[in-house]
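Structural description and commentary
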Amino acid sequence: MDDKQIKLLIEKAIAASQNAVCDFSGFRVGAAILTKDGRTFTGCNIENISLTMVMCAERLALYKALSEGCKEFTAIAVAAEGQDFCPPCGSCSQLLFEFAPDLKIIMANSKKDYTIKKIEELLPMAFRFLKK
């Protein structure tokens, strides 16, 4: 993945963050997941009063891709407001690992600075389904 592709994925994640429904936290997050065949699916965080029903941007992007038949992924960009990088939460990390154990996580801030980690670096002891 070259720098141009990374920056494009970040731009899509930032654009998706503008659709966030974050009346409770005020914290906008966007995600853009890249499939192996070059398609991109985006998502944003969606909050509601029942906090257990919150949808993270990463999960929404992944679910959109899965619902369109995509099952192979190379990278996901996660963009959040502020100067810090925002890694996927534990639930999102586990879900992303399940569908893409070699996934690259691109974390970007408002300045479009970024860092890249492998999903296994963020979730080193991911649950693995043991097949019989």
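In short, a report on the structure. (Residues numbered from 1 in each chain as written. Predicted model: local features only at pLDDT ≥ 70, side-chain atom pairs only at ≥ 80, totals over all residues. Heavy atoms only, no water.)

Along the chain, Glu 47 falls in the loop between β2 (40-44) and α2 (57-67). Despite its burial, Glu 47 pairs with no opposite charge; the closest candidate is Arg 28, at 9.8 Å N-O. Engagement of the side chain of Glu 47 in a polar contact is seen with the backbone nitrogen of Phe 24, the distance being 3.1 Å. A distance of 2.4 Å separates the side chain of Glu 47 from the side chain of Ser 25, its partner in a polar contact. Those residues in contact with Glu 47 that lie beyond four places of it in its chain are Val 21, Cys 22, Asp 23, Phe 24, Ser 25 and Val 54. (Helix = DSSP H or I, 4+ residues; strand = E, 2+ residues; numbered from the N terminus. Buried < 20%, exposed > 50% of the residue type's maximum accessible area, 1.4 Å probe, protein only. Lys, Arg positive; Asp, Glu negative; His and termini not counted. Salt bridge = Lys/Arg side-chain N within 4 Å of Asp/Glu carboxyl O. Polar contact = N/O pair within 3.5 Å; in protein donor to acceptor, adjacent residues only side chain to side chain. Contact = heavy atoms within 4.5 Å.)

Looking now at a nonpolar patch on the surface. Residues Phe 24, Ile 49 and Leu 51 make up a contiguous nonpolar surface patch of about 390 Å² in total accessible area. Tracing the chain through its elements places Ile 49 in the loop between β2 and α2. (Patch = residues over 30% accessible without salt bridge, like charges linked within 9 Å, V, L, I, M, F, W, Y side chains within 5 Å. Areas by Shrake-Rupley, 256 points an atom, 1.4 Å probe, with all protein chains shown as cover.)

A positive phi is found at Lys 112, a non-glycine position, where the angle reads about 70 degrees. With respect to the element layout, Lys 112 can be found in the loop between β4 (104-108) and β5 (114-118).

Close approach of charged atoms allows side chains of opposite charge to pair. One pass over the full model with this rule turns up 4 salt bridges. Between Lys 112 and Glu 11 there is a salt bridge, with the nearest N and O atoms lying 2.7 Å from each other. Remark: Glu 11 occurs in helix α1 (residues 3-17) and Lys 112 occurs in the loop between β4 and β5; sequence separation between them is 101 residues. For Glu 11, a relative accessible area of 35% gives the class partly exposed. Put simply, Arg 28 and Glu 81 hold a salt bridge, and the shortest N to O gap is 3.9 Å.

Counting 25 residues, the largest nonpolar core has Ile 33, Leu 62, Phe 73, Ile 76, Leu 96, Leu 103 and Ile 105 as the members making the most contacts within it. Here this core takes 5 residues from α2, the largest share from any one element. (Core = buried A, V, L, I, M, F, W, Y, C linked by side-chain atoms within 4.5 Å.)

In this section: the sheet that holds strand β1 (residues 29-35). Overall, mixed pairing links the 5 strands, which are arranged β2-β1-β3-β4-β5 in an open sheet. Across the chains shown, the open sheet's two edge strands, defined by having one partner strand only, are β2 and β5. Averaged over all pairs of adjacent strands, the angle between their axes in this sheet comes to 20 degrees, without regard to strand direction. Inspection of the sheet shows β1 paired to β2 by 5 bridges, in the antiparallel sense. Counted as the bridge partner of Gly 30 is Cys 44 from β2. The strands touched by α2 are β1, β2 and β3 (73-80); relative to β2, the strand with the most contacts, the crossing angle is about 140 degrees. (Pairing = 2+ DSSP bridges. Axes fitted to C-alpha atoms, helices over the stretch in contact; angles between N-to-C directions.)

Strand direction decides the pairing type here: β4 and β5, joined by 5 bridges, are antiparallel. Paired with Ala 108 across the bridge in β5 is Tyr 114. Between β4 and β5, which pair antiparallel and follow one another directly, the connecting turn spans 5 residues, one of which, Lys 112, has a positive phi of 70 degrees.

Further remarks concern the environment of Thr 115. Here Thr 115 shows up in strand β5. On the basis of relative accessible area, Thr 115 is assigned to the partly exposed category, the value being 23%. Linking Thr 115 and Ala 77, residues 38 residues apart in sequence, is a C-alpha distance of 9.8 Å. With near-sequence residues (within four places) excluded, Thr 115 lies in contact with Phe 85, Ile 105, Ile 106 and Met 107.

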